[in-house]
Amino acid sequence: MVTLAEVAQHAGVSASTVSYVLSGKRSISGATRQRVEQSIRELGYHPNAGARALASSRSNIIALMVPLRTDMYVPVMMEIAIAVATTARLHGYDVLLLTGEEGPDAVRRVTGSGLADAMILMDVELADERLPLLRGTDQPSVLIGLPADTTGLTCVDLDFGATGALCVEHLAKLGHQDIAVIGEAPGVYERHTGFAERTLDGLRSRARELGLRVLHRPCEGGYDAMTMTLARIFDERPGTTGFVVQNESAVEPLLALLRQQGRAVPEDVSVVAVCPDQVATQASVRLTSVAIPAQEMGRYAVEHLVAKLDGRGSDEVVLIAPELTVRASTGPAPAVS
């Protein structure tokens, strides 16, 4: 293993100069810095993480808080987490993954222990209990999600309000008047999770403007839960011809039940989903959908966090515009007989 002394000898400088280049604690001339950095690259030197942390007062670790709840679609959460880890590594940071449902205690643990230089929080609720602690600390943070009050926060998310509006606009253009929204599990709405609430608000608001009727029913996902949910929808609104699904676990059961009932997609019923492209394209009927931009969300969060760590960032809200891809699951509303 290459040592700091060997780097110093190779660069023709003192060991303390190499240490100052690594820590940034003292001003070093550009020429000397370049010579040291070239020697580091040529020799393949990797500073000891513990010693580097002591020297710079930084751990070069980002804490990622992603509670893995049973009522959330974990593959999307993990895709975002992988994007965070990959982007962080490009900037010289490692990621500490915190998956427990600790709430404010997890924030206190990170800020009080020096475990990490900064935090990224996921699964953000409208009135998230972690936010007062974030606002009260100097430690940089970014939310992947949008609370009700974004004052003093940096947030990155898909514009879920616009997503809901886009879904209902598409169905309206096709002539559908009665829309049913099959939502996430009830617990997601009971916690007032931001993405689900904002999708529903955006959809309902646009539907009112367009004069459409909307019925929203949360669903646990799975065949049995979807059977009861669909029966309730057609009992209450027999004329329903358009569905918006924001629940990956409900997609395939819904399509199977519609087939069993003799309701053809898209001739009799149209379905739009808010889901990853992989779910939409691998469904038994290729779904018209708004994709979840997991890669972009993770990448943008890290880039804004690194800018804050470097003293370049400021608090802002970054909303990614939704894009709807039309596939085989939507078509003109059937003629009223």
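Remember, it's a predicted structure, so these values are computed and weren't measured experimentally.

Cut-offs and rules
Residues numbered from 1 in each chain as written. Predicted model: local features only at pLDDT ≥ 70, side-chain atom pairs only at ≥ 80, totals over all residues. Heavy atoms only, no water. Pairing = 2+ DSSP bridges. Helix = DSSP H or I, 4+ residues; strand = E, 2+ residues; numbered from the N terminus. Axes fitted to C-alpha atoms, helices over the stretch in contact; angles between N-to-C directions. Domains from an automatic or database assignment. Salt bridge = Lys/Arg side-chain N within 4 Å of Asp/Glu carboxyl O. Buried < 20%, exposed > 50% of the residue type's maximum accessible area, 1.4 Å probe, protein only.

## Topic: the sheet that holds strand S11 (residues 317-320)
Then comes step 1: Taken in spatial order, the 6 strands line up as S2-S1-S3-S4-S5-S11 in an open sheet, and their pairing is parallel. Strand pairing shows two members of the sheet lacking a second neighbour, strand S2 (94-98) and S11, which therefore form its edges. Recorded for the sheet is a direction-independent mean angle of 20° between the axes of neighbouring strands.
Then comes step 2: As paired elements, strand S1 (residues 61-65) and S2 share 5 bridges and run parallel to each other.

## A look at the domain arrangement of the protein chain
When the parts of a complex come together, some accessible area is lost, and that lost area is often taken as the interface size.
Then comes step 1: Splitting the protein chain by domain gives domain 1 (4-47), domain 2 (61-158 + 294-320) and domain 3 (160-291).
Then comes step 2: Distance from the C-alpha centre of domain 1 to the C-alpha centre of domain 3: 59 Å.

## Some remarks on the pattern of salt bridges
Then comes step 1: Summed over all chains, the structure comprises 16 salt bridges.
Then comes step 2: The partner of Glu 236 in a salt bridge is Arg 232, and the shortest N-O contact between them spans 3.1 Å. With Glu 236 and Arg 232 both in helix H11 (residues 223-236) and 4 residues apart, this pair spans about one turn of that helix.
Then comes step 3: Overall, Glu 236 belongs to the partly exposed group, its relative accessible area being 38%.
Then comes step 4: What makes Arg 232 partly exposed here is its relative accessible area of 43%.
Then comes step 5: Put simply, Arg 312 and Asp 310 hold a salt bridge, and the shortest N to O gap is 3.4 Å.
Then comes step 6: With a relative accessible area of 58%, Arg 312 lands in the exposed category.
Then comes step 7: A relative accessible area of 45% places Asp 310 in the partly exposed class.
Then comes step 8: Residues participating in the shared-partner salt-bridge network are Arg 69, Asp 71, Asp 123, Glu 125 and Arg 191.

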